[in-house]
Amino acid sequence: MTAEARLPFTDFEYRIQASDGRIAWYSVSGEPMFDEHGAYQGYRGTGKDITERKLAEEALRQSRARIRELAAHQETIKETERQRIARDLHDELGQTLLAIRLDATTLTEQTTAAHPDFHRSARLIGLLRKLHLVAHRRRVALVCLDRKVQAQRHLARAVGPAKARQVAIG
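Owing to the predicted nature of the structure, the values given are computational and were not obtained by experimental measurement. (Residues numbered from 1 in each chain as written. Predicted model: local features only at pLDDT ≥ 70, side-chain atom pairs only at ≥ 80, totals over all residues. Heavy atoms only, no water.)

Draft legend 1. How the structure looks around unusual backbone geometry. Notably, Arg 6 is not glycine yet its phi reads approximately 60°, a positive angle. With respect to the element layout, Arg 6 can be found in the segment before β1 (9-17). Owing to a relative accessible area of 39%, Arg 6 belongs among the partly exposed residues under this scheme. The backbone phi angle of Asp 11 is positive, close to 50°, even though this residue is not glycine. Relative to the elements of secondary structure, Asp 11 occurs in strand β1. (Helix = DSSP H or I, 4+ residues; strand = E, 2+ residues; numbered from the N terminus. Buried < 20%, exposed > 50% of the residue type's maximum accessible area, 1.4 Å probe, protein only.)

Draft legend 2. Representation of the packing of aromatic side chains. For the structure on display, the rule yields six aromatic pairs. Cluster of aromatic residues (ring-pair linked, three or more members): Phe 9, Phe 12, Tyr 14, Tyr 26, Phe 34, Tyr 40 and Tyr 43. Its guanidinium or amino end placed over the ring of Tyr 40, Arg 6 lies 4.1 Å from that ring's centre, counting from NZ or CZ. Positioned over the ring face of Trp 25 is Lys 54, at 4.6 Å from the centre of the ring. (Phe/Tyr/Trp six-rings, centres within 6.5 Å; stacked < 30°, edge-to-face > 60°. Lys NZ or Arg CZ within 6 Å of the ring centre and 35° of its normal.)

Draft legend 3. Quick look at helix α1 (residues 51-114). In a regular helix each residue adds 1.5 Å, so 64 residues correspond to 94 Å; α1 covers 94 Å between its end C-alpha atoms and thus fits that length. Listed as buried for α1 are Thr 51, Lys 54, Ile 85, Thr 96, Leu 107 and Thr 111. (Expected span 1.5 Å × (residues − 1).)

Draft legend 4. Fine view of a nonpolar patch on the surface. On the surface, Leu 93, Leu 97, Leu 142 and Leu 145 cluster together into a nonpolar patch covering about 310 Å² of accessible area. Every element with two or more residues in the nonpolar patch is listed here: α1 and α3 (124-159). Checked against the element boundaries, Leu 93 lands in helix α1. Residue Leu 93 is classed as partly exposed on the basis of its relative accessible area of 41%. (Patch = residues over 30% accessible without salt bridge, like charges linked within 9 Å, V, L, I, M, F, W, Y side chains within 5 Å. Areas by Shrake-Rupley, 256 points an atom, 1.4 Å probe, with all protein chains shown as cover. Salt bridge = Lys/Arg side-chain N within 4 Å of Asp/Glu carboxyl O.)

Dropping the structure here:
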């Protein structure tokens, strides 16, 4: 140790606990003193109370740790919300596509039963009826898909950054 070796030291920090339980921090600097015969006499130096600085440093460390915790928590919340939105969109789209598939199957069955000759000979009248039904189903499907797109846009604006929501609204 520097003091045992009787060497100069600078800004040595140490902590003490006062009799009232209060913790105090000090920073001291010193240089050894010797008499005219070279005999060690002790140290001469300065000291200052750095308790406020140490408390501020600790508060800063705790604040930074809390910010890191909050940032990690925010990312967890964002990821959970992204997963929920993806699941909701998947469910909505899945239901719409299933409805379209069921309608297409029903249309095929009805056309086959009502017009067996259509499937065998592809007469013009049968083709026109099927095209009419397909066009109607297509319009219904497009309306459903438009609604889903609107719902998805609304949902994306609702969970997007606040600045993007202001731009979309204003």
